[in-house]
Amino acid sequence: MNANRSGVLKHVSSSRLGMYAVITLLLKDYSMAGPLNGIKVLDLSRILAGPWATQVLADYGAEVWKIERPEKGDDTRHWGPPYVKNEQGDNTAESAYYIAANRGKKSIEVDMTTSAGQEAIYKLVQQADIVVENYKVGGLKKYGLDYESIKNIRNDVIYCSITGFGQNGPYANRAGYDAMIQAMGGLMSITGEKDNLPGGGPQKVGVATTDLMTGMYAVSGILAALYHRTQTNEGQQIDIALLDTQVACLANQGSSYLVSGEVPQRLGSAHPNIVPYQAMKVQDGYILLAVGNDEQFKKCCNVLGCSEVGESKEFATNALRVKHRETLIPILESYFLNGKLDAWLTALSEVHVPCGPINSIDRVFENPQIKHRNMAFELDHPTAGKVPQVGNPVRFSQTPINYHAAPPILGQHTDEILKSK
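Please read all numbers here as calculations on a predicted model, not as lab measurements. (Residues numbered from 1 in each chain as written. Predicted model: local features only at pLDDT ≥ 70, side-chain atom pairs only at ≥ 80, totals over all residues. Heavy atoms only, no water.)

Engineer: Describe the sheet that holds strand β11 (residues 355-357), naming the residues involved and giving the relevant values.
Structural biologist: Across the sheet, which stays open at both edges, the three strands sit in the order β9-β10-β11 with antiparallel pairing between neighbours. Each of the sheet's edge strands pairs with one partner strand only, and the pair in question is β9 (277-282) and β11. Recorded for the sheet is a direction-independent mean angle of 25° between the axes of neighbouring strands. By the bridge criterion, six bridges tie β9 to strand β10 (residues 285-290) in an arrangement that is antiparallel. Following the sheet pairing, Val 282 is matched in β10 by Gly 285. (Pairing = 2+ DSSP bridges. Helix = DSSP H or I, 4+ residues; strand = E, 2+ residues; numbered from the N terminus. Axes fitted to C-alpha atoms, helices over the stretch in contact; angles between N-to-C directions.)

Structure (structure tokens):
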């Protein structure tokens, strides 16, 4: 028991509050460290999918040891500009890209190609509950850091391997990167305007969504394996592939193809299964309209001043609106052009028709709801003073996230961790 908890226990006992109060206060103290307090993660990953997963684990309270190449570190440290600036206004060695995915971790410089480096990692493995890596299939075997080797050191370890195409199959040995997986996995075929419209053609999503979703699937898999271990004392390897993840995330589009045999097409901002559900041009920009049911459609038409459209048998159900999309959308657009964005947002929101502005990212962070939810904050940094961060969206009622450390500078914790193990 640490000194703080010992002090709490002594105070409660002397006050004769009883055992229930003791347990309550101790649990409250524990909760401040996060739900994964006490879990240790050896992070052999770099770039985005793996680091995104381990950042979430760090947010949840796990201790994450980020193993980095001496002098160079994670490639994303150099993926700029922009770079974080120090208090004198000069660029530091940390890019904005790097600080997006590495808070709460401890950076350890280790050359895993050497026997000394491997021995250092083995000592960490003895303490680690989880290992996360995203090397090519078989790439860590020559260093004795593959699953079978690590399992011999700690047999209940949870070992998460993230690759482009998985541990087996005809593409297993290929390298995989987000943009190419967005293309191969079908996402780009349904993203962008139709070919016959200005700017038409396939588009990748504006962030590395396949990497990010792979990281989140990795987190859920790791947590499931942790629970399994509590029941059986068994560790296991988790095999997660970017391509598999992208196919899974086709969601309703993939299901629609499998059910109908019809290949989904690009529709710009429009929805393949719901109408009207897309961007609409107004006098001073665009509004994103998201009508989810027939009652909302009638309310929308009433606000626009075309109640007869809302009552029309031709558009009475969503299935009919999808069928008559090409007729309906121009009608609605003609009415939206009679007003300005803020007026439409107010009027539609008052009758609970889902809609919103298409914000630029600066406006996103100025949004009062985003500010209220503390989705942007700062952390103390050893060279930059403070660095901005985007918050984790999960809100625990009993074990709130405690953002305790900024993304580390390269090798910041090497001596602290290796000398203590």
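Engineer: For a nonpolar patch on the surface, give the residues involved together with the corresponding values.
Structural biologist: Where nonpolar side chains cluster on the molecular surface, the patch consists of Tyr 171, Tyr 177, Met 180 and Met 184 and spans about 390 Å² of accessible area. Within the element layout of this structure, Tyr 177 appears in the loop between β7 (158-163) and α7 (178-184). (Patch = residues over 30% accessible without salt bridge, like charges linked within 9 Å, V, L, I, M, F, W, Y side chains within 5 Å. Areas by Shrake-Rupley, 256 points an atom, 1.4 Å probe, with all protein chains shown as cover. Salt bridge = Lys/Arg side-chain N within 4 Å of Asp/Glu carboxyl O.)

Engineer: Tell me about the side chain of Thr 76, and name the residues and values.
Structural biologist: Tracing the backbone shows Thr 76 in the loop between β2 (63-68) and β3 (83-85). Overall, Thr 76 belongs to the buried group, its relative accessible area being 0%. Residues in contact with Thr 76, not counting those within four places in the same chain, are Ile 47, Ser 95, Tyr 97, Tyr 98 and Asn 102. (Buried < 20%, exposed > 50% of the residue type's maximum accessible area, 1.4 Å probe, protein only. Contact = heavy atoms within 4.5 Å.)

Engineer: Before we move on, could you go through helix α8 (residues 209-232) and cite the residues and values that matter?
Structural biologist: Between the first and last C-alpha of α8 there are 34 Å, a value that for 24 residues agrees with the 34 Å anticipated at 1.5 Å per step. Residues of α8 that are buried include every one of Thr 210, Asp 211, Thr 214, Gly 215, Ala 218, Val 219, Ile 222, Ala 225, Leu 226 and Arg 229, and no others. Buried residues belonging to α8 abut α3 (49-59), β6 (130-133), β7, α7, β8 (236-241) and α9 (242-248). Of the residues one or two after α8, Asn 233 is the one with positive phi, at around 65°. (Expected span 1.5 Å × (residues − 1).)

Engineer: Hey, could you go over the packing of aromatic side chains for me, with residue numbers and the actual values?
Structural biologist: Evaluated as defined, the whole model comprises six aromatic pairs. An angle of 80° between the planes, with centres 5.1 Å apart, marks the rings of Trp 79 and Tyr 97 as edge-to-face. Taken together, the residues Trp 79 in the loop between β2 and β3 and Tyr 97 in helix α4 (residues 96-99) connect sequence positions 18 residues apart. Judged by relative accessible area, which is 39%, Trp 79 ranks as partly exposed. The ring of Tyr 135 is capped by Arg 46, whose NZ or CZ atom sits 3.8 Å from the centre of that ring. (Phe/Tyr/Trp six-rings, centres within 6.5 Å; stacked < 30°, edge-to-face > 60°. Lys NZ or Arg CZ within 6 Å of the ring centre and 35° of its normal.)

Engineer: Please set out the packing of α3 against α8 residue by residue, giving values where relevant.
Structural biologist: Interhelical geometry of α3 versus α8 gives an angle of 45° and a closest axis separation of 7 Å. One finds that α3 runs oblique with respect to α8. In this structure, α3 meets α8 at a crossing whose hand is right-handed. Contacts between α3 and α8 involve Ala 49, Trp 52, Ala 53, Val 56 and Leu 57 on the former and, on the latter, Asp 211, Leu 212, Thr 214, Gly 215, Met 216, Ala 218, Val 219, Ile 222 and Leu 223. (Parallel < 35°, antiparallel > 145°, perpendicular 65-115°, else oblique. Left-handed = near helix turned anticlockwise from the far one by under 90°.)

Engineer: Would you mind going over the sheet that holds strand β5 (residues 105-109) in detail, with residue names and values included?
Structural biologist: Sheet strands associate in pairs through backbone hydrogen bonding, adopting either a parallel or an antiparallel arrangement. With parallel pairing, six strands are arranged side by side in an open sheet as β5-β2-β1-β6-β7-β8. Strands at the two margins of the open sheet, each flanked by one partner only, are β5 and β8. Between one strand and the next, the sheet's axes are offset by a mean angle of 20°, whatever the strand orientation. Judged from the six bridges that link them, β7 and β8 form a sheet pairing that is parallel. Its bridge partner being in β8, Ser 161 is matched across the sheet by Asp 239. Strands β1 (40-44), β2, β5, β6 and β7 of the sheet are contacted by α3, whose axis makes an angle of about 165° with β1. Its contacts with the sheet place α8 against β6, β7 and β8, and it is angled at close to 160° to β8.

Engineer: Give me unusual backbone geometry: which residues, what numbers.
Structural biologist: Looking along the chain, the bond that leaves Gly 80 and enters Pro 81 is cis, with omega of 10°. Residue position: Pro 81 is located in the loop between β2 and β3. The amide bond that connects Pro 81 to the next residue, Pro 82, takes the cis arrangement and shows omega of 5°. By secondary structure assignment, the location of Pro 82 is in the loop between β2 and β3. Its identity is not glycine, yet Asn 233 carries a phi of approximately 65°, on the positive side. Tracing the chain through its elements places Asn 233 in the loop between α8 and β8. The residue His 352 is not glycine, and still its phi comes out positive at about 65°. Checked against the element boundaries, His 352 lands in the loop between α15 (341-350) and β11.

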